[in-house]
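Chain by chain, the residues:
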Amino acid sequence: METHEKSATRAIVPVGQQGLAVRSATLVARGLRDLTRDSNWVVKKVFAGHTSSLAISGMGHVCFVSRQFQRGGQYRTGDFGQRVVLYDMEMSIPMIALSVPNEVPVGTQDLTAAFAWSPTARYLVAAWGGWQPELHSFDLHGKMLLGTFGEFGTIPRCLAWSGTEKYFVEACSGGKQASLRLWRVRDDGMSPKGPLSGQPTSELGVPGWLERQTYESEFGEEGAFGGYGRAVFSPDEKTLASVIEIHGDWADDSIALLTVPTLKKQNAFQAQGHITDLSWTHDARKIIYCAAGQAYCLTVETMNFEPLPFGAELCVCHPHLPLCICYSSWLKNSAKGRLFLVDLSRMEVFDEYAAEGIVILSWNGDGSKAYAATQNGMAYIYEPTLL
């Protein structure tokens, strides 16, 4: 019987071009698949210059104060005077500049502003130092100013709408002059001034139940009530969570839970450090908040809290799912911070992306995208293939 000896020698041998092509195609396909999976963040430059305040709508439009926007909707380099403008983040193009009566010329100083988009992105409420000290309401479908309401002494710290546009709130600092004001939105469609006008439905000044954290005679304003900060309506629109800010570098802020629309106190919780952001989970049972660079979870029913296994200064929960996007400006062994998603069911961090200078986070209306932006015009758009 004829036999053939099998060679045990292992050597590099030529391979046909077809085999190489098959192997290369497999590697490329795998690389593209991994790239798609790991590249859910799209980064782009939206505008030039710097702005001190901005807000992002559920449609991906950003409102801010710009010096490079000429009348007629043209963007040019140079200083054309400060204007409140709207940009499309995804297209990176200017849309319109907002104009109001009695708008005064603004010098080189950057003036404070506050903006709030309605959930449908139809309405925008804005306050800016270059305008009269009132809240200005715009209908962006009609590209028109509807009117003014809510005269104030200083630019509000926060403006916010409830999820179905049923309520609107303004939070102001200022110590003893601070206030939290709530309006019930009209839905009859009959008023020429739009859904917001007139006096607030309810108002809260210095909370009578709040105690100083220091003795006034020894520490002056240290430890005293500083005003109201971030304010967010619960998804069911029954409760407003508002940050109560306390003067002092080492003071501890609180979260007040207030009944909507009366602003009567339901409960209060003292945090550890200054609170930089807070967001309700989609089921209205918990609040994710950031204080002194650390993220926490507060259970509303029990008012128990727990530190989460990650640091963050900004957070925004998904409108329908147990997910949260967070930002931390500090990342170990890196000069940059990071954007990342958190699975709130398992408290697991995933989909991280290096970023720096983020000042605002927002989901779009249906939760299919998320946006982050810096004051220097960089946008980070989260586009997951599947949530």
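Every value quoted in this text rests on a predicted model; they were computed, and no experiment measured them.

The rules we used
Residues numbered from 1 in each chain as written. Predicted model: local features only at pLDDT ≥ 70, side-chain atom pairs only at ≥ 80, totals over all residues. Heavy atoms only, no water. Helix = DSSP H or I, 4+ residues; strand = E, 2+ residues; numbered from the N terminus. Buried < 20%, exposed > 50% of the residue type's maximum accessible area, 1.4 Å probe, protein only. Contact = heavy atoms within 4.5 Å. Areas by Shrake-Rupley, 256 points an atom, 1.4 Å probe, with all protein chains shown as cover. Pairing = 2+ DSSP bridges. Axes fitted to C-alpha atoms, helices over the stretch in contact; angles between N-to-C directions. Disulfide = S-S within 2.5 Å. 1 Å grid on protein atoms, 1.4 Å probe; cavity = no way out; pocket = protein on both sides within 12 Å on 5 of 7 lines; lining within 4 Å. Points joined across faces, edges and corners; volume = space filled by probe spheres on them. Nonpolar A, V, L, I, M, F, W, Y, C, P; charged D, E, K, R; others polar. Polar contact = N/O pair within 3.5 Å; in protein donor to acceptor, adjacent residues only side chain to side chain. Core = buried A, V, L, I, M, F, W, Y, C linked by side-chain atoms within 4.5 Å. Salt bridge = Lys/Arg side-chain N within 4 Å of Asp/Glu carboxyl O. Phe/Tyr/Trp six-rings, centres within 6.5 Å; stacked < 30°, edge-to-face > 60°. Lys NZ or Arg CZ within 6 Å of the ring centre and 35° of its normal.

Undergrad: Explanation requested: the overall build of the protein in the structure shown.
TA: In terms of helices and strands, the protein carries two helices and 30 strands. Counting over 387 residues, the protein shows a buried share of 47%. For the protein, the proportion of contacts with a sequence separation of at least 24, taken over those separated by at least 6, is 44%. For the protein, the exposed area adds up to about 20,100 Å²; of that, 51% sits on carbon and sulfur atoms.

Undergrad: Can you help me understand the sheet that holds strand β29 (residues 370-374) in this one?
TA: Each strand in a sheet pairs with its neighbour through backbone hydrogen bonds, running either in the same direction (parallel) or in the opposite one (antiparallel). Spatially, the four strands line up as an open sheet ordered β1-β30-β29-β28, and their pairing is antiparallel. Each having just a single partner strand, β1 (41-45) and β28 (358-363) make up the two edges of the open sheet. Along the sheet, successive strands turn relative to each other by an average axial angle of 20 degrees, direction set aside. Direction of pairing for β29 relative to strand β30 (residues 378-382): antiparallel, over a ladder of four bridges.

Undergrad: Mind showing me how you'd approach the state of the cysteines here?
TA: Such a bond, covalent and formed between the sulfur atoms of two cysteines, is termed a disulfide. Applying the stated criterion across every chain yields a total of zero disulfides. Here Cys290 stays unpaired: no disulfide links it, and the sulfur of Cys315, its closest cysteine neighbor, is 3.8 Å away. In this structure Cys326 is not part of a disulfide, and its nearest cysteine sulfur, from Cys324, lies 3.8 Å away.

Undergrad: What should I look at first to understand empty space enclosed by the protein in this one?
TA: Once rolled over the atoms, a probe with the size of a water molecule shows which space is left empty. Applying the stated criterion across every chain, the model contains two cavities of 30 Å³ or more. The calculated volume of the largest cavity comes to roughly 60 Å³. Forming the boundary of the largest cavity are His50, Thr51, Ser52, Val65, Ser66, Arg67, Gln82, Asp110 and Leu111. In the lining of the largest cavity, the residues fall into two nonpolar, five polar and two charged.

Undergrad: Explanation requested: the sheet that holds strand β27 (residues 348-355) in the structure shown.
TA: Overall, antiparallel pairing links the four strands, which are arranged β24-β25-β26-β27 in an open sheet. Since the sheet does not close on itself, it has two edges, and those belong to β24 (314-317) and β27, each with one partner. Going across the sheet, the axis of each strand differs from the next one's by a mean of 15 degrees, ignoring polarity. By the bridge criterion, six bridges tie strand β25 (residues 323-328) to strand β26 (residues 337-343) in an arrangement that is antiparallel. By the bridge assignment, Leu323 is partnered in β26 with Asp343.

Undergrad: In this structure, what is going on with the side chain of Ser279? I would like to understand it.
TA: Following the sequence through the fold, Ser279 ends up in strand β20 (residues 275-280). Engagement of the side chain of Ser279 in a polar contact is seen with the backbone nitrogen of Cys317, the distance being 2.9 Å. The residues contacting Ser279, other than those within four sequence positions of it, are Lys286, Ile287, Ile288, Cys315, Val316 and Cys317.

Undergrad: It is not clear to me how the nonpolar core should be interpreted in this structure. Could you clarify?
TA: One recurring pattern in soluble globular proteins is that nonpolar side chains are buried together. Of all hydrophobic cores here, the largest spans 21 residues; its most connected members are Val169, Leu180, Tyr228, Phe233, Leu240, Leu258 and Leu263. Apart from the residues lying within four places of it in its own chain, the contact partners of Leu240 are Val169, Leu180, Ala231, Val232, Phe233, Ala256, Leu257, Leu258, Val260 and Leu263.

Undergrad: Looking at this structure, how should I read the pattern of salt bridges?
TA: When their charged atoms lie close together, side chains carrying opposite charge are able to pair. Summed over all chains, the structure comprises nine salt bridges. In this structure, Arg83 and Glu103 form a salt bridge, with 4.0 Å as the shortest nitrogen-oxygen distance. Of this pair, Arg83 sits in strand β6 (residues 83-88) while Glu103 sits in the loop between β7 (93-98) and β8 (113-117), and the two are 20 residues apart along the sequence. According to the relative accessible area criterion, Arg83 is buried, its value standing at 8%. Judged by relative accessible area, Glu103 falls into the partly exposed class, the value being 24%. When the shortest N-O distance is used, the salt bridge between Asp343 and Arg346 registers 3.1 Å. Three or more residues joined by partner-sharing salt bridges are found here, namely Glu90, Lys369 and Glu383.

Undergrad: Which parts of the structure should I look at to understand the packing of aromatic side chains?
TA: All told, the structure shown has 20 aromatic pairs when counted by the stated rule. Ring pairing ties together the aromatic residues Tyr123, Phe149, Trp161, Phe168 and Trp183, which thus form one cluster. One residue, Lys265, lies across the ring of Trp209, its end atom 4.5 Å from the ring centre. It is Arg338 that lies over the ring of Phe340; its NZ or CZ is 4.2 Å from the centre.

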